[in-house]
Amino acid sequence: YTLGTAVTTNSSRNHGDGDNDDGGDDGDHMNILKQKQNIKNRDAIIFLQHQPVYTLGTASDDQYVKLDEHKLSTLGIDLIRIERGGEVTYHGPGQLTAYPILDLRGYKQDIHWYCRALEEAILIALRSAGVEGAMREEGITGVWVEGNKVAALGVKVRRWVTMHGLAVNVDRRSLGNFGGIVPCGLEGRNVACVNDFLDEPITLEEFAVHLK
């Protein structure tokens, strides 16, 4: 990894805890809230910048990788299959990757909800950074600006603890190697970076502050 790894405990952004406790007395309710808070206090998030790598999800189709092993080696790009959902994507310099480590028992035990919460965090960060028009697309995971994908996510949850996470293309260095794949298996769709939509470029470190 480059840029080092930064770990922040006790996550500051709560996208709703999804509590639906209609029964029990006040003491029981307070105990439940205390248990959830204790769980949240163990939360962490890791921000980093990868060396060039293509990653395949557990069920990803190899046909979306356009480069053979020799070309990958020549370019210095690793190809790794990992335990997450989704198709092939790229990580590398210029892209901010975030790995939240959350116990969803302290929030809501719903993977669909968690993915939408990650997208919402990205949308909030983009607005805070000055990017206008960022949005979701119906039926497609990720965040888009003017029809271009600027952020992707792929997660795995084990015993309600989250793994993997999200990636945001911040500067133009992040875009060069997307040409070697069909990103997320979406034929004919373009990728872009945050700085494509800003008058003044932003650094990875600056965007990380917005995402936190």
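In case you missed it, the structure is sitting above this.
Cut-offs applied
- Residues numbered from 1 in each chain as written.
- Predicted model: local features only at pLDDT ≥ 70, side-chain atom pairs only at ≥ 80, totals over all residues.
- Heavy atoms only, no water.
- Core = buried A, V, L, I, M, F, W, Y, C linked by side-chain atoms within 4.5 Å.
- Buried < 20%, exposed > 50% of the residue type's maximum accessible area, 1.4 Å probe, protein only.
- Helix = DSSP H or I, 4+ residues; strand = E, 2+ residues; numbered from the N terminus.
- Axes fitted to C-alpha atoms, helices over the stretch in contact; angles between N-to-C directions.
- Parallel < 35°, antiparallel > 145°, perpendicular 65-115°, else oblique.
- Left-handed = near helix turned anticlockwise from the far one by under 90°.
- Contact = heavy atoms within 4.5 Å.
- 1 Å grid on protein atoms, 1.4 Å probe; cavity = no way out; pocket = protein on both sides within 12 Å on 5 of 7 lines; lining within 4 Å.
- Points joined across faces, edges and corners; volume = space filled by probe spheres on them.
- Nonpolar A, V, L, I, M, F, W, Y, C, P; charged D, E, K, R; others polar.
- Pairing = 2+ DSSP bridges.
- Right-handed = clockwise from strand over helix to strand, strands pointing away.
- Phe/Tyr/Trp six-rings, centres within 6.5 Å; stacked < 30°, edge-to-face > 60°.
- Salt bridge = Lys/Arg side-chain N within 4 Å of Asp/Glu carboxyl O.

Core analysis: the biggest nonpolar cluster contains 37 residues, and Leu126, Phe207 and Leu211 have the highest contact counts within it. Secondary structure elements with two or more residues in this core: strand S2 (44–49), strand S6 (95–101), helix H3 (111–129), strand S8 (140–145), strand S9 (148–158), strand S10 (161–169) and helix H4 (204–211). No other element matches H3, which puts 10 residues into this core. The next biggest cluster of nonpolar side chains, apart from the first, holds 13 residues, and it includes Leu56, Leu72, Ile77 and Phe178.

So, about unusual backbone geometry. In this structure, Glu146 takes a positive phi of about 50 degrees despite not being glycine. With respect to the secondary-structure elements, Glu146 resides in the loop between S8 and S9. A residue is classified by how much of its surface remains accessible, and Glu146, at 64% relative accessible area, is exposed. Within the chain, Trp160 stands out as a residue other than glycine whose phi angle is a positive 70 degrees. Of note, Trp160 is situated in the loop between S9 and S10.

Before going further, it helps to spend a moment on the packing of H3 against H4. The geometry of H3 relative to H4 is characterised by a closest axis approach of 8 Å and an angle of 120 degrees between their N-to-C directions. By the criterion of interaxial angle, the relationship of H3 to H4 is oblique. The two elements H3 and H4 cross, and the hand of that crossing is right-handed. Each of Ala121, Ile122, Ala125, Leu126, Ser128 and Ala129 in H3 lies in contact with H4, whose residues at this interface are Phe207, His210 and Leu211.

Now for empty space enclosed by the protein. Here the structure, examined in full by the defined rule, presents two cavities of 30 Å³ or more. Of the volumes computed, that of the largest cavity is approximately 90 Å³. What lines the largest cavity is a set of 13 residues, and nearest its centre among them are Thr89, Ala151, Ala152, Asn169 and Phe178. Ranked by the residues each element gives to the lining of the largest cavity, the list is headed by S9, at four residues. Estimates place the volume of the second largest cavity at around 30 Å³. Forming the boundary of the second largest cavity are Trp144, Lys149, Pro183, Leu186, Arg189, Asn190 and Val191. Residues that form the lining of the second largest cavity fall into these classes: four nonpolar, one polar and two charged.

As defined by bridge partners, strand S3 (residues 53–56) adjoins strand S4 (residues 78–81) across four bridges and the pair is classed as parallel. Each residue of the ladder has a partner; that of Thr55, found in S4, is Ile80. Between the parallel elements S3 and S4, the chain passes through helix H2 (residues 69–75) in a crossover that is right-handed.

Each aromatic ring pair is specified by the distance between its two centres and by the angle formed by the two planes. Under the definition given, this model contains two aromatic pairs. Both rings, one in Tyr90 and one in Phe178, keep their centres 5.5 Å apart while their planes meet at 75 degrees; by these two values the pair is edge-to-face. Taken together, the positions of Tyr90 in strand S5 (residues 89–91) and Phe178 in the loop between S10 and strand S11 (190–191) put the pair 88 residues apart, joining distant regions of the chain. Its relative accessible area of 1% is what places Tyr90 among the buried residues. For Phe178, a relative accessible area of 7% translates into the label buried. Cluster of aromatic residues (ring-pair linked, three or more members): Tyr54, Tyr90 and Phe178.

Throughout the structure, instances matching the rule amount to 10 salt bridges. The salt bridge partner of Arg81 is Asp62, with a shortest N-O separation of 2.8 Å. Placement of the pair is Arg81 in strand S4 and Asp62 in the loop between S3 and H2, with a sequence separation of 19 residues. Arg136 serves as the salt-bridge partner of Glu119, at 2.8 Å between the closest nitrogen and oxygen.

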